[in-house]
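Letter by letter, the chains look like this.
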Amino acid sequence: MRRSALLLGLAVLLCATACVSIVGGDGGEGGISPSQFMFEPYVPPDSPWPGGWKVARVIINLARSSGEGLRIVPCQVQVEVPERHRGGVISDEFAQQEAAKAADAAVERVLPQGLLSEEMCQRFRTEMRKILEVPIPGVRVRRFIDMKGVSNKRSSP
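Residues numbered from 1 in each chain as written. Predicted model: local features only at pLDDT ≥ 70, side-chain atom pairs only at ≥ 80, totals over all residues. Heavy atoms only, no water.

What follows covers the pairing of strand β3 (residues 53–66). Direction of pairing for strand β2 (residues 40–42) relative to β3: antiparallel, over a ladder of three bridges. In the sheet register, Tyr 42 faces β3, and the bridge partner there is Trp 53. Here β3 pairs with strand β4 (residues 69–82) via 14 bridges, running antiparallel. Counterpart to Arg 57 in the pairing with β4 is Gln 78. (Pairing = 2+ DSSP bridges. Helix = DSSP H or I, 4+ residues; strand = E, 2+ residues; numbered from the N terminus.)

Written as structure tokens, this is what we have:
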């Protein structure tokens, strides 16, 4: 009964929250889908430049199963990617694929550490950034910040 209530609660949470993914758990199938990372144009508030970035915001629920039951830790993840780098233009599709792979790899590194909620999220974001910096130099991964710089329309190149 307790497990059914927990699963029902998770289903309601997933339906009520946009861009939520659950990763981790008992090592079964899954992982975060690249489509969860919906990038849009963005100018970071702390940027001295007038643009050239895209951002995706997602809440990733880290799930860890143990003898004490299932533990869900919701983590805010804001991935900021430059539109271009020395290798050329970074497409949304490439950024989505790499962000999803980095999230899956970061989960594998962080979940076994058994950290407290905010520590787990911070470590997850740090690991994800380290992994993403290899294919996308300059990437930022952090907690949600003010989105005043987001534009609703992508400008044409």
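This structure, assessed with the given rule, holds one disulfide. The side chain of Cys 75 participates in a disulfide bridge whose partner is Cys 121; the two sulfur atoms lie 2.0 Å from each other. A torsion of -85° about the S-S bond marks the disulfide between Cys 75 and Cys 121 as left-handed. Placement of Cys 75 in strand β4 and of Cys 121 in helix α3 (residues 117–132) is noted, with a sequence separation of 46 residues between them. Taken as a pair, Cys 75 and Cys 121 share a single burial class, namely buried. (Disulfide = S-S within 2.5 Å. Buried < 20%, exposed > 50% of the residue type's maximum accessible area, 1.4 Å probe, protein only.)

Taken residue by residue, the protein gives an average pLDDT of 76. The fraction at 70 or more is 68%. Looking at the elements of the protein, mean pLDDT is at its lowest for helix α1 (residues 2–16), recorded as 36, and at its highest for helix α2 (residues 92–110), recorded as 95. Confidence over residues 24–29 falls short of pLDDT 50; this stretch has eight contacts with residues more than four positions distant or in other chains. (pLDDT = per-residue confidence, 0-100. Contact = heavy atoms within 4.5 Å.)

The subject of this paragraph is the side chain of Arg 125. Positionally, Arg 125 belongs in helix α3. The buried category is assigned to Arg 125, whose relative accessible area is 3%.

Another aspect to go through is α2. In a regular helix each residue adds 1.5 Å, so 19 residues correspond to 27 Å; α2 covers 26 Å between its end C-alpha atoms and thus fits that length. Within α2, burial applies to Ala 95, Gln 96, Glu 98, Ala 99, Ala 100, Ala 102, Ala 103, Ala 106, Val 107 and Val 110. (Expected span 1.5 Å × (residues − 1).)

Ranked by size, the top nonpolar core spans 31 residues in total, and within it Phe 37, Val 79, Phe 124 and Met 128 carry the most contacts. For this core, the secondary structure elements donating two or more residues are β3, β4, α2 and α3. The biggest single contributor to this core is α2, with eight residues. Residue contacts for Val 79: discarding those within four places in its chain leaves Phe 37, Phe 39, Lys 54, Val 55, Ala 56, Met 128, Leu 132, Val 139, Arg 140 and Val 141. (Core = buried A, V, L, I, M, F, W, Y, C linked by side-chain atoms within 4.5 Å.)

Here the focus is the pattern of salt bridges. If you walk through the whole model with that rule in mind, you get ten salt bridges. In this structure, the salt-bridge partner of Arg 125 is Glu 118, at a minimum N-O distance of 3.1 Å. Residues participating in the shared-partner salt-bridge network are Lys 54, Glu 83 and Asp 92. (Salt bridge = Lys/Arg side-chain N within 4 Å of Asp/Glu carboxyl O.)

Now for the packing of aromatic side chains. With the rule as written, the count across this model stands at zero aromatic pairs. A cation over an aromatic ring shows up here: Arg 140 above the ring of Trp 53, its NZ or CZ 4.6 Å from the ring centre. (Phe/Tyr/Trp six-rings, centres within 6.5 Å; stacked < 30°, edge-to-face > 60°. Lys NZ or Arg CZ within 6 Å of the ring centre and 35° of its normal.)

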